[in-house]
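# Structure assessment
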Amino acid sequence: MAVGDPAYYFMYDVGTLMRYAAGIEYDGHPFCGWQIQKTGADSIQQRVEHALSAVADHALKVTCAGRTDAGVHALNQIIHFESAAPRAMSSWIRGANSNLPKEIAVTWVQPVADDFHARFSATRRTYRYVIANRPVRPTFLAWRSAWEYRPLDAVRMQEAANFLLGEHDFSSYRALACQAKSPVRTVHRLQVRRQGELILIDAEANAFLHHMIRNIAGVLLDIGAGKQAPPWAQEVLQARNRALGGITAPPHGLYFVGVMYPERFGIPYMPETAMLW
């Protein structure tokens, strides 16, 4: 729905409970992660709920497409929430952003069908992992990319990544504390390319396990640096043993890029504005 579309500014009758979807972008460095913590640590969810509640003039809860860890960023995190407050779409956006810190922004809001669910309606998710590859550690990208001083060969990394495409048991690539009932996931795309001093890893799957992308990045880093041969990625996969894998790459190189939903919901997948590199 475009900003110029009259429906964008449509206001609903008071008392009609509406479900909304929204896009959120954030710099995850200052926060403990997406999810609200019992310790009271500063979370992105808490900040977003507070900001939207201020606009609605009542407390509300939000549900996200994929919870991110401390230090992980998002270019197009998707949430849904419900409210009976009669607000224009532009009011949700501007009002929420006026109550959010500069590290978090609501980029769009639109009404959705009652059966839309930010997490369970998703069919694919996309992440990007960014590595600054140069001898000297970065300054401006210090908390927005991983850093690897060893020269990386993106061609070798891509050769290794190809072994992980398709449906597999990714037990070797998930965190030991992962609570997913099944380790089986389907990776639709795993692309590695160099852009100047940056190595970009784009991963698209039906869903991801806890730390799955960061663990994949850890394996690809060793392969790109020549420490391991490309088939090692497959050997790790087939072992189904996390202890035989590589390091868990740091969180600040990871970006939640987009979520795909059935077309009938009308949710933008990966807006061009969501791609920094």
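Going by the structure above, here's the rest.
Summarised in this report is the structure supplied together with it. (Residues numbered from 1 in each chain as written. Predicted model: local features only at pLDDT ≥ 70, side-chain atom pairs only at ≥ 80, totals over all residues. Heavy atoms only, no water.)

## Section: the pattern of salt bridges
Taken as a whole and assessed by the stated rule, the structure comprises 14 salt bridges. Between D115 and R264 there is a salt bridge, with the nearest N and O atoms lying 2.7 Å from each other. Note that D115 is positioned in the loop between β4 (104-112) and β5 (124-133) and R264 in the segment after β10 (254-260), a separation of 149 residues in sequence. Judged by relative accessible area, R264 falls into the exposed class, the value being 59%. With a closest N to O distance of 2.5 Å, D202 and R128 form a salt bridge. Pair noted here: D202 is in strand β9 (residues 198-205) and R128 is in strand β5, with a separation of 74 residues, a long-range link. (Salt bridge = Lys/Arg side-chain N within 4 Å of Asp/Glu carboxyl O. Helix = DSSP H or I, 4+ residues; strand = E, 2+ residues; numbered from the N terminus. Buried < 20%, exposed > 50% of the residue type's maximum accessible area, 1.4 Å probe, protein only.)

## Some remarks on the environment of N241
Looking at the secondary structure, you find N241 in the loop between α5 (232-239) and β10. Spatially, the C-alpha atom of N241 lies 24 Å from that of Q191, the residues being 50 residues apart in sequence. At 3.0 Å, the side chain of N241 forms a polar contact with the backbone nitrogen of A243. (Polar contact = N/O pair within 3.5 Å; in protein donor to acceptor, adjacent residues only side chain to side chain.)

## Comments concerning the pairing of β10
Within β10, 6 of the 7 residues are buried, leaving the element largely enclosed by the surrounding structure. As paired strands, strand β3 (residues 73-83) and β10 are joined by 2 bridges and run parallel to one another. For H73, the partnering residue across the bridge sits in β10 and is Y255. (Pairing = 2+ DSSP bridges.)

## What to know about the packing of aromatic side chains
Here a ring pair, both rings aromatic, is described through the centre-centre distance and the interplanar angle of the planes. If you walk through the whole model with that rule in mind, you get 10 aromatic pairs. Aromatic pair F170 and Y173: ring centres 6.2 Å apart, planes at 65°, arrangement edge-to-face. Comparing F170 with Y173, the two get one shared label, buried. One aromatic cluster in this structure is built from Y20, F81 and W92. (Phe/Tyr/Trp six-rings, centres within 6.5 Å; stacked < 30°, edge-to-face > 60°.)

## A short note on helix α3 (residues 154-161)
Within α3, burial applies to A154, M157, Q158, A160 and A161. One side of α3 carries all its buried residues, which in axial view fall inside an arc of 160°. Packing partners of the buried residues in α3 comprise β8 (184-195), β9, α4 (212-224) and α5. In this structure D153 caps α3, since a side-chain oxygen of it lies 2.9 Å from the backbone nitrogen of V155. (Arc of directions from axis to C-beta. Contact = heavy atoms within 4.5 Å.)

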